[in-house]
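# Structural overview for review
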Amino acid sequence: MAQVTVRIPPPLRTFTDGKDEVTIEAEKIRDLLDNLDAAHPGIKERIADDKGVRRSVNIFLGEEDIRVLDALDTELRDRDVVSIIPAIAGGL
Amino acid sequence: MSGDKPWISGNLRITKEAMKAIEEEAIRCYPSEACGFVAGPAQDPLLLDETIHEVNEADKYHALDPETFPRTSRTYFKLNELRASRRFEEGEKSGRPIKVIYHSHTDTTAHFSEEDAYTFASDGQLMWPCAFIVVSVVDGKVEERRLHIHRPGTNEFEESTLEIIDG
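All values derive from a computational prediction rather than experimental measurement.

Residues and elements named next belong to chain B. If you trace the six strands from one edge of the open sheet to the other, you get β4-β2-β6-β9-β10-β11, paired in mixed fashion. A strand with exactly one partner marks an edge of an open sheet, and here the two such strands are β4 (50-54) and β11 (157-160). Adjacent strand axes in the sheet meet at a mean angle of 30°, parallel and antiparallel pairs treated alike. Pairing between strand β2 (residues 35-39) and strand β6 (residues 98-106): five bridges, direction antiparallel. Paired with V38 across the strands is V100, a residue of β6. Across the sheet, helix α1 (residues 16-29) touches β2, β4, β6, β9 (131-138) and β10 (141-150), and the angle it forms with β4 is around 20°.

Here you go:
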């Protein structure tokens, strides 16, 4: 089980008692979201739904969006940094 | 949130040069949507004087995951949010915060769309500490530009005034 730093964006810090970073143990991004939600109930629903990561949110592992990796099955290693970042997107 | 970031409440002034840079980029990208930021000095919170263009990655995401991202760059914009978050941090540290996210619409008005609102507000919270400029390009020419701001406590946005001034 990898120990991972998760960066929390300002709008979601209400779930983490104002903390901008938390440490979570997980093997894959999928587990990370479950374990993050166990520690900070309600946060997962803002990030993902049953189809995967919401269009309005991004999860970066290091410098890469997990959508270009293995999405929720992306594997994690010790000392990885995962950044949860709201989307900057839109259109007609 | 507006306490230390008054620009999210609107009534902004933008220099002619900064507005011209947005419009030239919108025309260059047509019929795709253009996107980027506008920054300004922290000590003059309602002034916008620097346009920063970003790459629209909508087509990349559409090719990668067409179910989640059903639209192409003609009707959608998306930029690299990790790079964006660093720009926001650098802007804060340097005294030149990013105050506006801008994008263009193709062959329609400069309204704030449902998709824009879905992205930029959730549970009544504004997701990025910004106001929003939308420029419409019709038949390759800029038709209008509008400033939109978040209505606090809701997922809705409303228009505000944007004055174009001599630099």
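Next up on the list: helix α1 (residues 29-39) of chain A. Along α1 of chain A, the positions that sit buried rather than exposed are I29, L32, L33 and L36 of chain A. The arc that holds every buried residue of α1 of chain A, seen down its axis, measures 100°, which confines them to one face.

Moving on, we come to the sheet that holds strand β6 (residues 64-65) of chain A. Residues and elements named next belong to chain A. Pairing within the open sheet is mixed, and its five strands lie in the order β2-β1-β7-β5-β6. In the strand order of this sheet, the two ends are held by β2 (21-26) and β6, each with one partner. Where strand β1 (residues 2-7) meets β2, six bridges bridge the pair, whose relative direction is antiparallel. Paired with Q3 across the two strands is E25, which belongs to β2. Along the sheet, α1 makes contact with β1, β2, β5 (57-61) and β7 (81-86), crossing β2 at roughly 125°.

The rules behind the values
Residues numbered from 1 in each chain as written. Chains lettered and ligands numbered in written order. Predicted model: local features only at pLDDT ≥ 70, side-chain atom pairs only at ≥ 80, totals over all residues. Heavy atoms only, no water. Pairing = 2+ DSSP bridges. Helix = DSSP H or I, 4+ residues; strand = E, 2+ residues; numbered from the N terminus. Axes fitted to C-alpha atoms, helices over the stretch in contact; angles between N-to-C directions. Contact = heavy atoms within 4.5 Å. Buried < 20%, exposed > 50% of the residue type's maximum accessible area, 1.4 Å probe, protein only. Arc of directions from axis to C-beta.

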